[in-house]
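Okay, here's what each chain looks like letter by letter:
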Amino acid sequence: YCDLARALMACGETPRARKELLEGLDLATFGEGARAEVDFDIWRYLLAVSSAAYATGDKAEARTWAEHAAWQANRRDSALGGLRCHAELARLLVE
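The structure presented is a predicted model; accordingly, all values stated were derived computationally and were not measured. (Residues numbered from 1 in each chain as written. Predicted model: local features only at pLDDT ≥ 70, side-chain atom pairs only at ≥ 80, totals over all residues. Heavy atoms only, no water.)

Asks: Can you help me understand the overall build of the protein in this one?
Replies: Scanning the protein for helices and strands turns up 5 helices and 0 strands. In sequence order, the secondary structure elements of the protein are arranged as α-α-α-α-α. In terms of overall size, the protein behaves like a compact globule, its C-alpha atoms giving a radius of gyration of 13 Å where 95 residues would be expected to give roughly 12 Å. With the C-alpha coordinates of the protein rotated into their principal frame, the extents come out at 35 × 35 × 20 Å. Residue burial in the protein is summarised as follows: out of 95 residues, 41% are buried. (Helix = DSSP H or I, 4+ residues; strand = E, 2+ residues; numbered from the N terminus. Rg over C-alpha atoms; globule rule 2.2 N^0.38 Å. Buried < 20%, exposed > 50% of the residue type's maximum accessible area, 1.4 Å probe, protein only.)

Structural data, given as structure tokens:
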């Protein structure tokens, strides 16, 4: 889903890319969503959803997805994930 979304965004079909990412999230979390307690790192995927939301002009939703990503990174004790997510949150809050 992430690769398909990247290709769609490159073709200018950002709303469709966002829809595909959300579908992939539902599939990966069995419908539990961004705060699902899964046994794999999902923060990168959530940052991709955040980027798609930002690309459609929805900064508030982009911030929400970046917050979910940071929560997942912290839950998995991912130092890199935490740093990347907080950097993205800072960028979103400044703009």
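Having seen the model, we can carry on.
Asks: Where do I start with the nonpolar core in this structure?
Replies: Within soluble globular proteins, side chains that are nonpolar generally end up buried alongside one another. Counting 26 residues, the largest nonpolar core has Leu21, Leu46, Trp65 and Cys85 as its most contacted members. Put simply, the parts of the chain that give this core at least two residues each are α1 (2-10), α2 (14-28), α3 (43-55), α4 (59-75) and α5 (79-94). Among the elements that make up this core, the one with the highest residue count is α3 (8 residues). Not counting the four nearest positions on each side in its chain, Trp65 is found in contact with Leu22, Leu25, Ala34, Leu46, Val49, Ser50 and Ala53. (Core = buried A, V, L, I, M, F, W, Y, C linked by side-chain atoms within 4.5 Å. Contact = heavy atoms within 4.5 Å.)

Asks: Would you take a moment to explain unusual backbone geometry for this structure?
Replies: Peptide bonds are trans in most cases, and residues, glycine excluded, mostly fall at negative phi. The backbone of Phe30 sits at a positive phi, close to 55°, despite the residue not being glycine. By the element assignment, Phe30 lies in the loop between α2 and α3.

Asks: Looking at this structure, how should I read the packing of aromatic side chains?
Replies: Think of a pair of aromatic rings as described by two things: how far the centres are apart, and how the planes are tilted against each other in angle. This model, assessed by the stated rule, comprises 0 aromatic pairs. Directly above the aromatic system of Tyr54 lies the positively charged group of Arg91, at a separation of 4.7 Å from the ring centroid. (Phe/Tyr/Trp six-rings, centres within 6.5 Å; stacked < 30°, edge-to-face > 60°. Lys NZ or Arg CZ within 6 Å of the ring centre and 35° of its normal.)

Asks: Would you take a moment to explain the packing of α2 against α3 for this structure?
Replies: The interhelical angle for the contact between α2 and α3, taken along N-to-C directions, is 155°, at an axis separation of 9 Å. What the angle tells us is that α2 and α3 run roughly antiparallel. α2 and α3 meet at a crossing whose hand is left-handed. Counting all contacts with α2, which are made through Thr14, Arg18, Glu20, Leu21, Leu22, Gly24 and Leu25, the residues of α3 involved are Tyr45, Leu46, Ala48, Val49, Ala52, Ala53 and Ala55. (Axes fitted to C-alpha atoms, helices over the stretch in contact; angles between N-to-C directions. Parallel < 35°, antiparallel > 145°, perpendicular 65-115°, else oblique. Left-handed = near helix turned anticlockwise from the far one by under 90°.)

Asks: It is not clear to me how α4 should be interpreted in this structure. Could you clarify?
Replies: Because each turn of an α-helix spans 3.6 residues, side chains separated by three or four positions in sequence point in the same direction. The end-to-end C-alpha separation of α4 is 24 Å, in line with the 24 Å expected for 17 residues at 1.5 Å each. Those residues of α4 that sit buried are Ala62, Trp65, Ala66, His68, Ala69, Ala70, Gln72 and Ala73. Contact partners of the buried residues in α4: α2, α3 and α5. (Expected span 1.5 Å × (residues − 1).)

Asks: What exactly am I supposed to notice about α5 here?
Replies: In a regular helix each residue adds 1.5 Å, so 16 residues correspond to 22 Å; α5 covers 23 Å between its end C-alpha atoms and thus fits that length. Within α5, the full set of buried residues consists of Gly81, Gly82, Cys85, Glu88, Leu89 and Leu92. Along the axis of α5, the buried positions cluster into a sector of 135°, meaning they face one direction only. The outward face of α5, more than 90 degrees from its buried face, is lined by the exposed residues Ala79, Leu83 and Val94. Packed against the buried residues of α5 are α3 and α4. (Arc of directions from axis to C-beta.)

Spatial relationships are all this shows, so hold off on functional conclusions.
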